[in-house]
Structures are given as structure tokens and as C-alpha cells.
Amino acid sequence: MTALVDAPATSVLDDAQAQLSAAIEVLGYDQSMHRMLAVPRREVTVSVPLRKDDGSVEVYVGHRVQHNFSRGPAKGGLRYSPDVTLDEVRALAMWMTWKCALLDVPYGGAKGGIRIDPREHSAAELERVTRRYTSEISPLIGPERDIPAPDIGTDERTMAWMMDTYSVQQGHTVLGVTTGKPVGLGGSLGRATATSRGVVHVALAALTDRGIAPAGATAAVQGFGKVGRYAARFLAEAGLRVLAVSDQYGAVASPTGLDVVALEKHVDETGSVVGFAGGDVLPGDALLELDVDLLVPAAVEGVLHAGNAARVKAKVIVEGANGPTTPEADEILRSAGVLVAPDILANAGGVVVSYFEWVQANQAFWWSADEVEARLATRMDQAWQHVNAHARRLGVPLRSAATALAVERVAQAHQQRGLYP
Ligand code: NAD
């Protein structure tokens, strides 16, 4: 395990820190509280040696950062990407703290990552990497300590391997150690689509708030993975015309709206949106600048920045991804009157149903899909109304209101618990 290092911040961590500083100022907390919330409570960096299928050994770097656990166990996804850095994981862990507090689920925030490209490995290699990483971080995780979930490059299979590895070490099955597991193995009905359902709940509310009727409105979705795919599907089901979607390989567009069901079939067969016969090729990041009512960035962080924000024509942006908008872009979009529903609100459906999964696993009692979806809808609608009303009251953007509400809840927990010793 490494000590907490004072490495130079990358931009994504700078973004998260800037948002925290602004909230501390709005709330009037002193520097001591700021210092408590600005640094992770615990972090670990591990080497993850992998015996590859050809017998050679490669060593990868993995991280797990627990930003805060004042309100309960730490909670957050696990990312497999060649771009993972410790600072990125720190930023994502901090955002998880705010997201859990904002939705009032009894968790703190965490995040994990391995710097690895999952597309370059067989399932057997990914299983070995996952099991070794889980074993290395096992002193830190557990249903009452820190509960991982899927993120970019990981899925329900990854969570099953993690749960199994941890359970073998404990000597008994511990279903509550991860969420986002297969339904047959302690997963919750509705978890796989929960983030996207939450994104669409918020999108419909935000469009309506702006006086735009969702039926017939136009949308573009960046990313066609676990979040973007179902977001596109549910938007189309709600009557929006999805004019464009993209993945890391390219983008497709249709001026009359894509057939999302046919597109999903194409992606299942080919692995990418590229080559879809029902749409035209769209160059580069042009999707972000399309003239649409709704833009859903659901891929990676930092895609809306000072260099392109002024060219965004969408009236409403709903952040499926974590951290897709830099603070500079936020300011440009605010001046242009674009409504931005922030990540810690918009994509919180995933952690809400992860919480439901953990509750069900701990009670060994399973809910129906309808029950899960009804509870999710209630939580998302309440959170939207709470943040929207707070933003209006203070005359600030939704992100500032959401971050302030969340930081206040975490700060109150700190104050109520006191400082030991
Ligand atoms: P994923 O790995 O399932 O999918 C990511 C998608 O983004 C893929 O389609 C990939 O091709 C695409 N992509 C990557 N780089 C791109 C680029 N430059 N342009 C366009 N597309 C690009 O990951 P996911 O779970 O869908 O996560 C997406 C985002 O949502 C991340 O920011 C993640 O942290 C966030 N998020 C995920 C969940 C969840 O439950 N999975 C919950 C909350 C937030």
C-alpha cells in the first residue's frame, strides 16, 4: 500500500477540487472542513501481475481510492482503461461521495481502476487480472467497508469474479461485497439499466422545465456502452428522436432519428455503431455540436471544454458520464443559457439501484423489477426537484446547487461524528 501522495493534480482532479472549493465558499465552511473533504481518506496502489494465455507475465497498476466514509461504507465503480490515473480515480471517488450524499444513500465515495485495455485481453486473462486485483485490495473492501460496482470497461461478469474471489478468501459467500452482479448471483433486477433510466428521468424533467415537450424533441448521445445504449433506447421509447450516437470508434447520425433497436442489434453483431446502415457517418466530435434539444454525454470526462463549449447548440445537457464538462465549459454554457443537469444528479440511478441491490443482498430478500423501478423513479424525481428548487432559490446553476447540498450533508456528518481523537 502506498502512502497518500501529494502528486500534481491532473485537470480532472482540478475540476473536482474547484467544484468543492466553490461549494465550501457558498456554504461558509472554514478551511479545516475544506481540508477534511479535499483529500481521500484512504488510497491504495497495487501491482497486478497477469499470467497471459501465452505464458508470459505482464504487470499492471491498479488503484482503489476511498474518498470519504463519514455517512457509511465507501461506494464506487471499478474502471478498466489504458487512460486510468491515480488523480482520475481520486476525482471520481470524490464525485461518488457527493452523489451518494445527494441521493441520500448511506454511503461514502470510492473508485477503483486498473490501467489496462480490456479489449486486448481474453476473458480468461480478464478473470485472472480481476481476481488478483480483488485479492490485493481485499483488506479494504467488504459490505461494510467499500462496495465496488461496474464502470468503464467492466461489467456484471467482473463483479461476479470479484464477489467470488472475496468470498473464497472469507470462507463463505458474501453477496453484498459488490453490486452490479448478474441477477442469478445476487444482482438486482433493474440494475443493468438503472443509470440510464435515471438519466432519462432527469432528461424528461429538465426538458419539461425548459418548456420543451419530450415527445418529438431531438437528442444526441455520446457513448454507446452500459449508460449510453439504454439512455438512447429509453429516450426513443419516450418519443424523442435520437439524431446521433457515437462510441470510441465513430459516430452515426440520421436527420429523421435513428432506429435505436436496429442500432443495438448492429452493435451486438459488430461491436461498434460504425457501419450502421440506418445512419450516416458523422465526423469526429461533431455530435457534441449538433443542433438538438438534448445532449447526453455518456462516455468519458472532459469532452465539453473551453475549446468547444461555445459551439454547443443543445438547449439541455444531461451528464450520463462523470465529469464530462470542465468548469470553463460550465461557465460558457451558463452564459449561453444552456441547462446542464450535473453528473452527481443525472447519473445517480446506478448507485441508487446498487444500494437497493446491497439492501436486498444483506436481507436475502429480492424485490420485483417493478418495485425497483418505482423506488428508483421516486428517488430520482425527488432529487431533481430538490436540486432544481435549491438552484432557483440561490440563483445558481444546477451543479452548484447539487454540490452544495451534497457537501453540506457530508460536512454535517463530520460535525456530528466529531474528530477522533
Ligand atoms: P462502458 O465502458 O460500458 O461504455 C463507454 C462507452 O463510451 C463505449 O461505447 C465507448 O466506446 C464510448 N467512448 C469512449 N470514449 C469515447 C469518445 N471519446 N467518444 C465517444 N464515445 C466514447 O462505460 P459506462 O459504464 O457506460 O460508463 C460511461 C460513463 O458513465 C463513465 O463516465 C462512467 O463513469 C459513467 N457512469 C457509469 C455508471 C454505470 O452504472 N455504468 C454509473 C454512473 C456513471
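Residues numbered from 1 in each chain as written. Predicted model: local features only at pLDDT ≥ 70, side-chain atom pairs only at ≥ 80, totals over all residues. Heavy atoms only, no water.

It is worth spelling out the overall build of the protein chain at this point. Regarding its fold elements, the protein chain presents 13 helices and 12 strands. Compactness check: the protein chain gives a C-alpha radius of gyration of 20 Å against a globular reference of 22 Å for 421 residues, within 12% of the reference. Expressed as lengths along the three principal axes of its C-alpha atoms, the size of the protein chain is roughly 55 × 55 × 45 Å. Within the protein chain, the proportion of its 421 residues that are buried is 57%. For the protein chain, restricting intrachain contacts to residue pairs at least 6 apart in sequence, the fraction spanning at least 24 positions comes to 68%. When the accessible surface of the protein chain is totalled, it reaches about 17000 Å², and 52% of it is carbon and sulfur. Considering the protein chain, the positive charge centre built from 39 side chains and the negative charge centre built from 48 side chains are found 4 Å apart. (Helix = DSSP H or I, 4+ residues; strand = E, 2+ residues; numbered from the N terminus. Rg over C-alpha atoms; globule rule 2.2 N^0.38 Å. Buried < 20%, exposed > 50% of the residue type's maximum accessible area, 1.4 Å probe, protein only. Contact = heavy atoms within 4.5 Å. Areas by Shrake-Rupley, 256 points an atom, 1.4 Å probe, with all protein chains shown as cover. Lys, Arg positive; Asp, Glu negative; His and termini not counted. Charge placed at Lys NZ, Arg CZ, Asp CG, Glu CD.)

To continue, consider helix 6 (residues 194-209). The end-to-end C-alpha separation of helix 6 is 22 Å, in line with the 22 Å expected for 16 residues at 1.5 Å each. Those residues of helix 6 lying buried are Ala 194, Thr 195, Ser 196, Gly 198, Val 199, Val 200, Val 202, Ala 203, Ala 205, Ala 206 and Leu 207. In the segment just after helix 6, Gly 211 is the residue with positive phi, at about 80 degrees. (Expected span 1.5 Å × (residues − 1).)

The nonpolar side chains of a soluble globular protein tend to be buried with one another. Within the largest apolar cluster, 86 residues are counted, with the highest numbers of intra-cluster contacts made by Trp 98, Leu 102, Leu 235, Val 245, Leu 263, Leu 294 and Val 318. When residues of this core are assigned to their parent elements, the largest contribution, 9 residues, is made by helix 3 (residues 86-102). Among the domains, domain 1 (12-173) and domain 2 (194-341) are the pair contributing at least three residues each to this core. When neighbours within four sequence positions are excluded, Trp 98 is seen to be in contact with Leu 20, Leu 37, His 67, Ile 344, Thr 403, Ala 406, Val 407 and Val 410. Counting residues in hydrophobic clusters, the runner-up holds 22 residues, among them Leu 50, Leu 78, Tyr 80 and Ile 137. (Core = buried A, V, L, I, M, F, W, Y, C linked by side-chain atoms within 4.5 Å. Domains from an automatic or database assignment.)

The environment of the ligand is formed by 22 residues, the closest being Asp 151, Thr 195, Lys 226, Gln 248 and Asn 322. For the ligand, an oxygen atom lies 3.0 Å from a polar atom in the side chain of Arg 79. Here an oxygen atom of the ligand and a backbone polar atom of Gly 225 are 3.2 Å apart. Computed on the free molecule, the ligand has an accessible area of 830 Å², of which 85% lies beneath the protein chains in the complex. Taken together, the residues of the shell around the ligand break down into 7 nonpolar, 10 polar and 5 charged. Residue assignment places the shell around the ligand across two domains, with domain 1 (12-173) and domain 2 (194-341) each supplying three or more. (Near = heavy atom within 4 Å. Polar contact = N/O pair within 3.5 Å; in protein donor to acceptor, adjacent residues only side chain to side chain. Nonpolar A, V, L, I, M, F, W, Y, C, P; charged D, E, K, R; others polar.)

On to the sheet that holds strand 7 (residues 241-247). In any sheet, the strands associate via hydrogen bonds between backbone groups, in a parallel or an antiparallel arrangement. Across the sheet, which stays open at both edges, the 7 strands sit in the order 9-8-7-6-10-11-12 with mixed pairing between neighbours. This sheet does not close on itself; its edge strands, each paired only once, are strand 9 (280-282) and strand 12 (339-341). For this sheet the average axis-to-axis angle between neighbouring strands, irrespective of direction, equals 20 degrees. (Pairing = 2+ DSSP bridges. Axes fitted to C-alpha atoms, helices over the stretch in contact; angles between N-to-C directions.)

Next up on the list: the pairing of strand 8 (residues 250-253). In this structure, strand 7 lies alongside strand 8, joined through 4 bridges in antiparallel fashion. Pairing of Asp 247 across the sheet is with Gly 250, part of strand 8. Hairpin connection between strand 7 and strand 8: a loop of 2 residues separates the two successive antiparallel strands. The pairing of strand 8 with strand 9 spans 3 bridges and is classified as antiparallel. In the sheet register, Ala 251 faces strand 9, and the bridge partner there is Leu 282.

Another point: the side chain of Lys 99. The topology assignment puts Lys 99 in helix 3. Although Lys 99 is buried, it forms no salt bridge, and the closest oppositely charged side chain is Asp 343 at an N-O distance of 6.6 Å. A polar contact of 2.9 Å, which involves the side chain of Lys 99, links it to the side chain of Asn 322. Contact partners of Lys 99, with chain neighbours within four places excluded, come to Asn 322, Asp 343, Ile 344, Asn 347, Ala 348 and Val 351. (Salt bridge = Lys/Arg side-chain N within 4 Å of Asp/Glu carboxyl O.)

Confidence along the protein chain averages 96 in pLDDT terms, with 98% of residues attaining 70 or more. Here residues 1-9 scores under 50 on pLDDT; set against residues more than four positions off or in separate chains, the count is 15 contacts. (pLDDT = per-residue confidence, 0-100.)

What follows covers the layout of surface pockets. When its volume is computed, the second largest pocket comes out at roughly 670 Å³. Residue lining of the second largest pocket: 26 residues in total, with Val 396, Pro 397, Leu 398, Arg 399 and Ser 400 positioned closest to the centre. The class makeup of the residues in the lining of the second largest pocket is 13 nonpolar, 6 polar and 7 charged. When residues of the lining of the second largest pocket are sorted by domain, at least three fall in each of domain 1 (12-173) and domain 2 (194-341). (1 Å grid on protein atoms, 1.4 Å probe; cavity = no way out; pocket = protein on both sides within 12 Å on 5 of 7 lines; lining within 4 Å. Points joined across faces, edges and corners; volume = space filled by probe spheres on them.)

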